[in-house]
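Results of the structural survey
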Amino acid sequence: MVNPQGEGSDAFEKDEPYGGQQYPPYQDPNTSYQNPQHGQPQYQDPQYPNPQYGQPQYGQPHYGQAPYVGAGFRPAPATNTLAIVSLVLAVLGLTFIPLIASVCAVVCGHVAKGQIKRTGEGGSGFATAGLIVGYVSIALFVLVLAAIFIFALAASNSSTY
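What you are looking at is a predicted structure, and each value in this text was computed from that prediction instead of being measured.

As a further point, take the overall build of the protein. A count of helical and extended segments in the protein gives 3 helices and 0 strands. Its helices and strands taken in sequence order, the protein reads α-α-α from the N to the C terminus. Burial statistics for the protein: of 161 residues in total, 13% are counted as buried. Across the protein, every contact between residues at least 6 apart in sequence was considered, and the portion connecting residues at least 24 apart equals 57%. When the accessible area of the protein is evaluated, it comes to approximately 14100 Å², of which 62% is carbon and sulfur surface.

Here's what the structure looks like:
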């Protein structure tokens, strides 16, 4: 009868507990391989044509053509700080500080647009968004103020009779 642990079978010996598989001994990869029959194999460097007379080298002109010069890496222009400030103030004017932040956003947006035209910086979209949201916020503030005034005036003129 065979034991459930596999004892007593030929594949499972006490010296080889995992099925009796044998692996070759470890060889250090830093030592060079030596062919036992022929010794070290001899390799020769391949012969390449003389580059002076063969194909043109990279970056050298070929038959009067200009050498290829890559476009290179051109960093993105810096974003104008006032454009970012304009957008942040516009959002603040729309949410927390209604009139003051919106007016500041519009002023910063116009100044940022002028600086961007003059210096070539990035951030024109931020400045435009700050201007639009700032103007919309001012218009909403004026409409809400007018509605409150009209309702207050209508409430004061109404009679309770």
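What follows deals with a nonpolar patch on the surface. A contiguous nonpolar patch, built from Phe 96, Ile 97, Leu 99, Ile 100, Val 103, Val 107 and Val 111 and spanning about 640 Å² of accessible area, is present on the exposed surface. Here Phe 96 shows up in the loop between helix H1 (81-95) and helix H2 (98-119). By relative accessible area, which is 67% here, Phe 96 ends up exposed.

Tracing the backbone shows Ser 86 in helix H1. Polar contacts involving the side chain of Ser 86 include one to the main-chain amide nitrogen of Gly 109, which spans 3.4 Å. What Ser 86 contacts, discounting residues up to four positions off in sequence, is Ala 105, Cys 108, Gly 109, Ala 127, Gly 130 and Leu 131.

The subject of this paragraph is the packing of H2 against helix H3 (residues 124-157). Taken N-terminus to C-terminus, the directions of H2 and H3 make an angle of 150°; their axes are 8 Å apart at the nearest point. What the angle tells us is that H2 and H3 run roughly antiparallel. The crossing of H2 and H3 is left-handed. Side by side, H2 and H3 meet where Pro 98, Leu 99, Ser 102, Val 103, Ala 105, Val 106, Gly 109, His 110, Ala 112, Lys 113 and Ile 116 of the first sit next to Ser 124, Ala 127, Thr 128, Gly 130, Leu 131, Gly 134, Tyr 135, Ser 137, Ile 138 and Phe 141 of the second. Split into classes, the residues belonging to the contact of H2 with H3 amount to 12 nonpolar, 8 polar and 1 charged.

Tracing the backbone through its elements, the reader meets Val 103 in helix H2. We classify Val 103 as partly exposed; its relative accessible area is 38%. Spatially, the C-alpha atoms of Val 103 and Leu 89 are 8.7 Å apart, while their sequence positions differ by 14 residues.

With that out of the way, let us pick up the packing of H1 against H2. The N-to-C vectors of H1 and H2 enclose an angle of 160°; their axes lie 7 Å apart at closest approach. By the angle between their directions, the pair H1 and H2 is classed as roughly antiparallel. For the pair H1 and H2, the sense of crossing is left-handed. In this structure, H1 uses Leu 82, Ala 83, Val 85, Ser 86, Leu 89, Ala 90, Leu 92, Gly 93 and Leu 94 to contact H2, whose residues at the interface are Pro 98, Ala 101, Ser 102, Cys 104, Ala 105, Cys 108, Gly 109, Val 111, Ala 112, Gln 115 and Ile 116.

Glancing now at H3. Over its 34 residues, H3 extends 50 Å from the first C-alpha to the last, a length consistent with the 50 Å expected when each residue adds 1.5 Å. All of the buried residues along H3 are Ala 127, Gly 130, Leu 131, Gly 134 and Ser 137. Buried residues in H3 make contact with H1 and H2.

Quick notes on the rules
Residues numbered from 1 in each chain as written. Predicted model: local features only at pLDDT ≥ 70, side-chain atom pairs only at ≥ 80, totals over all residues. Heavy atoms only, no water. Helix = DSSP H or I, 4+ residues; strand = E, 2+ residues; numbered from the N terminus. Buried < 20%, exposed > 50% of the residue type's maximum accessible area, 1.4 Å probe, protein only. Contact = heavy atoms within 4.5 Å. Areas by Shrake-Rupley, 256 points an atom, 1.4 Å probe, with all protein chains shown as cover. Patch = residues over 30% accessible without salt bridge, like charges linked within 9 Å, V, L, I, M, F, W, Y side chains within 5 Å. Salt bridge = Lys/Arg side-chain N within 4 Å of Asp/Glu carboxyl O. Polar contact = N/O pair within 3.5 Å; in protein donor to acceptor, adjacent residues only side chain to side chain. Axes fitted to C-alpha atoms, helices over the stretch in contact; angles between N-to-C directions. Parallel < 35°, antiparallel > 145°, perpendicular 65-115°, else oblique. Left-handed = near helix turned anticlockwise from the far one by under 90°. Nonpolar A, V, L, I, M, F, W, Y, C, P; charged D, E, K, R; others polar. Expected span 1.5 Å × (residues − 1).

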